[in-house]
Amino acid sequence: MINNYGFTPAMTPADAQGMPARVLAVHKDRYELVCEHGLCSGRLKTSLYYSDSLENEEFPAVGDFVLINYNSGDSQIIKTLERKSLFSRRDPSADKEQAVAANFDYVFIIQALNQGYKNFNINRLERYLMAARQSGALPIIILNKADLIEDCAGYIKEAEKAARGVSVYAVSAKTGLGLDLLAEYLKPGKTLVFLGSSGVGKSSLLNAVAGEDIMDINEVRESDGKGKHTTTHRQLIMLSSGVMIIDTPGMRALGMLGADGVSEAFADVEQYLGDCKFSNCEHKSEPGCAVKAAIASGELTRERWNSYLQLRSEARYTDERIALMRKKKELHKKWEKEARSGKKKSGGRRDY
Ligand code: GDP
Ligand code: ZN
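Peer 1: I'm lost on the pattern of salt bridges in this one. Help?
Peer 2: If charged atoms from side chains of opposite charge come close, those side chains can pair. If you walk through the whole model with that rule in mind, you get nine salt bridges. In this structure, Arg30 and Asp74 form a salt bridge, with 3.1 Å as the shortest nitrogen-oxygen distance. Here the residue Arg30 occupies a position in strand β2 (residues 30–35), and Asp74 occupies one in strand β5 (residues 74–80), the gap between them amounting to 44 residues. Asp74 gets classed as partly exposed once you look at its relative accessible area, which sits at 27%. In this structure, the salt-bridge partner of Asp64 is Arg83, at a minimum N-O distance of 2.7 Å.

As structure tokens, then:
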């Protein structure tokens, strides 16, 4: 059973005790699990996860393999096994990293090819790619909605250029075009995550790949090209093919990576920002604040404003991290170049 979920005995340290299980969903302090007895639920063993020591176990995320003391009621989770891949984001309330998905094999980075609202965006592609590579899993680029354009060769080339060494596929979730080429990733025991802005067709692709309707698809609002989602479901989904998909709200938020992704998704909120009386308004208690007025009049809901603030702060953090990685990469390139030219010089000397 648990082996079908991608578990291999080598994941357990030799001296570890307990029964292996995989995390299917996280609800506050309760975890939905699967183990050799089938579906079960568990809670963290306090002394191992919440003690003052620095040796605390990492909090499990969806996709994590854990060890449990099995109990037909609530099992006790006693260890988080080492992860082979991880997506995390900053938990703004605790100012620390929060794991959102673990142990996936492939990251499907999805963009749409319909030209209408510039879904195909190399800059954003690079961002997703950086996040995917950093996660430790293998990125795969999927250009969806290929049915809407005449010729996708140019797009494929452009994506390949931006993402050296990464496979790029043009597909259509709607017509099924190109989906057969994804078979090589859709093997039993493998776990996938889908990364991409809202509206690019993640849910449609998931349904197409699953061969069944697992995800609600909400028709795109033509005005801004965004799909709206209300789906709630188990967060690690086992398809009848034996392939698993992780889809969590946290993953959805990752889909908006970066500040311009957030701006795009929250245009309805950002329209107020320029209208405050003071240009440096923090939208807290200043007089003449357009945001507060919009909330007071019911034009803008407080929840929408709060999720905007949260995602924006996360996005800034991601942007900073990505800028840092870019810098590192450039430095590395520079060093390599210097080292190479250094070698040439000394090689030259030997020749003379
Ligand atoms: P998500 O927000 O990324 O999960 O996107 P959805 O799967 O909800 O799809 C958003 C919209 O795009 C829906 O209206 C889908 O019917 C449409 N869509 C998805 N895939 C395709 C495709 O391959 N071709 C076309 N023409 N439309 C698609
Ligand atoms: Zn204001």
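Peer 1: Teacher, can you tell me more about the coordination of the zinc ion (ligand 2) here?
Peer 2: Expected angles at a metal are 109.5 degrees for tetrahedral coordination by four donors and either 90 or 180 degrees for octahedral coordination by six donors. Summarising the metal site, the zinc ion (ligand 2) is bound by the protein donors Cys276 (SG), Cys281 (SG), His283 (ND1) and Cys289 (SG), whose distances to it range over 2.1 to 2.4 Å. Angles of 99 to 115° at the metal separate the four donor atoms of the zinc ion (ligand 2), which places the site in the tetrahedral class. Of the residues examined, Cys281 reaches a relative accessible area of 10% and is grouped as buried. Taking relative accessible area as the criterion, Cys289 reaches 5% and is therefore assigned buried.

Peer 1: Would you mind going over the packing of aromatic side chains with me for this structure?
Peer 2: By convention here, two paired aromatic rings are described through the distance between centres and the angle between planes. Counting across every chain of the model gives nine aromatic pairs. For the pair Phe108 and Tyr185, a centre-to-centre distance of 6.0 Å together with 85° between the ring planes defines the contact as edge-to-face. In this pair, Phe108 is assigned in strand β8 (residues 106–112) and Tyr185 in the loop between β10 (168–170) and β11 (191–195), connecting sequence segments 77 residues apart. In this pair, the class of Phe108 matches that of Tyr185, namely buried.

Scoring rules and cut-offs
- Residues numbered from 1 in each chain as written.
- Chains lettered and ligands numbered in written order.
- Predicted model: local features only at pLDDT ≥ 70, side-chain atom pairs only at ≥ 80, totals over all residues.
- Heavy atoms only, no water.
- Salt bridge = Lys/Arg side-chain N within 4 Å of Asp/Glu carboxyl O.
- Helix = DSSP H or I, 4+ residues; strand = E, 2+ residues; numbered from the N terminus.
- Buried < 20%, exposed > 50% of the residue type's maximum accessible area, 1.4 Å probe, protein only.
- Donors = N, O, S within 2.8 Å, 3.2 Å for Na, K, Ca; no water.
- Tetrahedral: all angles 85-135°; square planar, octahedral: opposite > 155°, others 65-115°.
- Phe/Tyr/Trp six-rings, centres within 6.5 Å; stacked < 30°, edge-to-face > 60°.

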